[in-house]
Amino acid sequence: MRNFKEIGEKFLNYKILNLIYPPVCGICGKLNENFLCEKCKKALETEAVFGVDNIIENNIKYFDEHIYIFQYEGIIRRLILKYKFKEEAYLYKTFVNFLLKNKKLFEKIKKYDTIIPVPISKKRYKIRGYNQSELIGKELAKKLKINIETEYLFKVKNIIEQSKLSKEERTKNIQGVYKLINKEKLENKKILLIDDVYTTGSTVNECSKILRKANPKKIGVFTLAKD
Ligand SMILES: [Zn+2]
């Protein structure tokens, strides 16, 4: 038993260490206090598209707009995969430092008053050690002085990874997976839901569907990339 405990503790330390990683550029690995060097920033800039898709009122989509800054390809795709599956948690700083340099994006996000990151299951949280959307959300909230709520919306079921399923299967798979508490505190708020990648939109749509029950003024979705 003791061995298991020790392994557990080592694992935990490793996770913490990852968060206080020395400040390096997330792309080339050179020391850089902004987690993004000038050269790599320029390379990323050539990939940035900044898109806003307005969602036409219908019964299928529950959010008002989708904001993203990259197409899911090239450098950003490699970075996001590293961020999600290689436990390189510090990369959230690389992302946010880049995002906030984009004036249009900055202005757009500033119009929201509450950030809600798409939650992950407890099981996934234990494995990865962090919620990738929450780290980005917290950093954005801090820098832009926007309120963030990480405990209101949560995932009650661990499901098959959406990326392994077809579009139709994804919509079905995600139903009834999220729960919302403290609804009254979100009434009339302009909520910005944050996720890393938008593929079919079924995850953010299901979250928005639940959030609608709180009667918010607006729901926007922000993702780093759109697939
Ligand atoms: Zn670099």
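Because the structure is predicted, anything quoted here is derived from the model rather than measured. (Residues numbered from 1 in each chain as written. Predicted model: local features only at pLDDT ≥ 70, side-chain atom pairs only at ≥ 80, totals over all residues.)

Participant: Explain the overall build of the chain here, please?
Facilitator: Summing up its helical and strand segments, the chain has nine helices and eight strands in all. Within the span of the chain, comprising 227 residues, buried residues form 33% of the whole. At a minimum sequence separation of 6, the contacts of the chain that also span at least 24 residues come to 72%. (Helix = DSSP H or I, 4+ residues; strand = E, 2+ residues; numbered from the N terminus. Buried ≥ 20, exposed ≤ 12 C-beta atoms within 10 Å, placed from the backbone. Contact = placed C-beta atoms within 7 Å.)

Participant: What should I look at first to understand the pairing of strand β2 (residues 65-71) in this one?
Facilitator: On any regular strand, side chains alternate: one points to one face of the sheet, the next to the other face. Within β2, five of the seven residues are buried, which leaves it mostly tucked inside the rest of the structure. Pairing of strand β1 (residues 48-54) with β2 involves five bridges; the strand directions are antiparallel. Of the residues in β2, the one forming a bridge with A48 is F70. Note that β2 and strand β8 (residues 218-226) share six bridges and pair parallel. In the strand pairing of β8, Y68 is matched with T223. (Pairing = 2+ DSSP bridges.)

Participant: Would you explain the sheet that holds strand β3 (residues 114-117) in this entry?
Facilitator: Pairing between the strands of a sheet is mediated by backbone hydrogen bonds and can be parallel or antiparallel. One open sheet accounts for six strands, arranged β1-β2-β8-β7-β3-β4; its pairing is mixed. At either margin of the open sheet sits one strand with a lone partner, and together these are β1 and β4 (147-148).

Participant: Can you help me understand the confidence of the model for the chain in this one?
Facilitator: Parts of the model with low pLDDT should not have their predicted coordinates read in detail. Averaged over all residues, the pLDDT of the chain is 88; the fraction at 70 or higher stands at 89%. The weakest mean pLDDT in the chain belongs to helix α1 (residues 2-19) at 52; the strongest belongs to β3 at 98. (pLDDT = per-residue confidence, 0-100.)

Participant: How should the nonpolar core be read in this particular structure?
Facilitator: Soluble globular proteins: nonpolar side chains tend toward being buried together. The biggest cluster of nonpolar side chains holds 51 residues, and the ones touching the most others in it are F95, I191, L192, L193 and L224. Residues contacting L193, with those up to four places away along its chain left out, are F63, I116, V118, V204, C207, S208, I219 and V221. (Core = buried A, V, L, I, M, F, W, Y, C linked by C-beta atoms within 7 Å.)

Participant: What should I look at first to understand unusual backbone geometry in this one?
Facilitator: Backbone geometry follows two general trends: most residues other than glycine have a negative phi, and most peptide bonds adopt the trans configuration. Of note in this structure, E87 is not a glycine but carries a positive phi near 60°. On the secondary structure map, E87 appears in the loop between α3 (74-85) and α4 (91-99). Overall, E87 belongs to the partly exposed group, with 16 C-beta atoms counted inside 10 Å. The phi dihedral of N188 falls on the positive side, at around 65°, and the residue is not glycine. Tracing the sequence through the fold places N188 in the loop between β6 (178-180) and β7 (190-198).

Participant: In this structure, what is going on with α3? I would like to understand it.
Facilitator: In an α-helix, one turn spans 3.6 residues, which is why side chains three or four residues apart end up on the same side. For α3, which comprises 12 residues, the first-to-last C-alpha distance of 17 Å matches the rise-based estimate of 16 Å (1.5 Å per residue) to within 8%. When we look at burial in α3, the residues that qualify are I76, L79, I80 and Y83. End-on, the buried residues of α3 take up no more than an arc of 100°, which puts them together on one face. Away from the buried face of α3 by more than 90 degrees, exposed residues R78 and F85 are located. Elements in contact with the buried residues of α3: α2 (38-47), β2, α4, α7 (132-144), β7 and β8. E87 sits one or two positions beyond α3 and adopts a positive phi of about 60°. (Expected span 1.5 Å × (residues − 1). Arc of directions from axis to C-beta.)

Participant: I tried to follow the environment of D53 on my own but got confused; where do I start?
Facilitator: Note that D53 resides in strand β1. Taking the number of C-beta atoms within 10 Å as the measure of exposure, D53 has 14 and is therefore partly exposed. Along the chain, D53 and H66 lie 13 residues apart, while their C-alpha atoms are 5.1 Å from each other. Non-local contacts of D53, meaning those with residues more than four positions away in its chain, are made with E65 and H66.

Participant: When you look at the packing of α4 against α7 in this model, what are you seeing that I'm missing?
Facilitator: The description of two packed helices rests on the angle between their axes and on the distance between the axes. Taken N-terminus to C-terminus, the directions of α4 and α7 make an angle of 45°; their axes are 9 Å apart at the nearest point. Looking at the two axes, α4 sits oblique to α7. For the element pair α4 and α7, the recorded crossing hand is right-handed. For the pair α4 and α7, contact is made by Y92, K93, F95 and V96 and by L135, I136, E139, L140 and K143, respectively. In the contact of α4 with α7, the residues fall into six nonpolar, no polar and three charged. (Axes fitted to C-alpha atoms, helices over the stretch in contact; angles between N-to-C directions. Parallel < 35°, antiparallel > 145°, perpendicular 65-115°, else oblique. Left-handed = near helix turned anticlockwise from the far one by under 90°. Nonpolar A, V, L, I, M, F, W, Y, C, P; charged D, E, K, R; others polar.)

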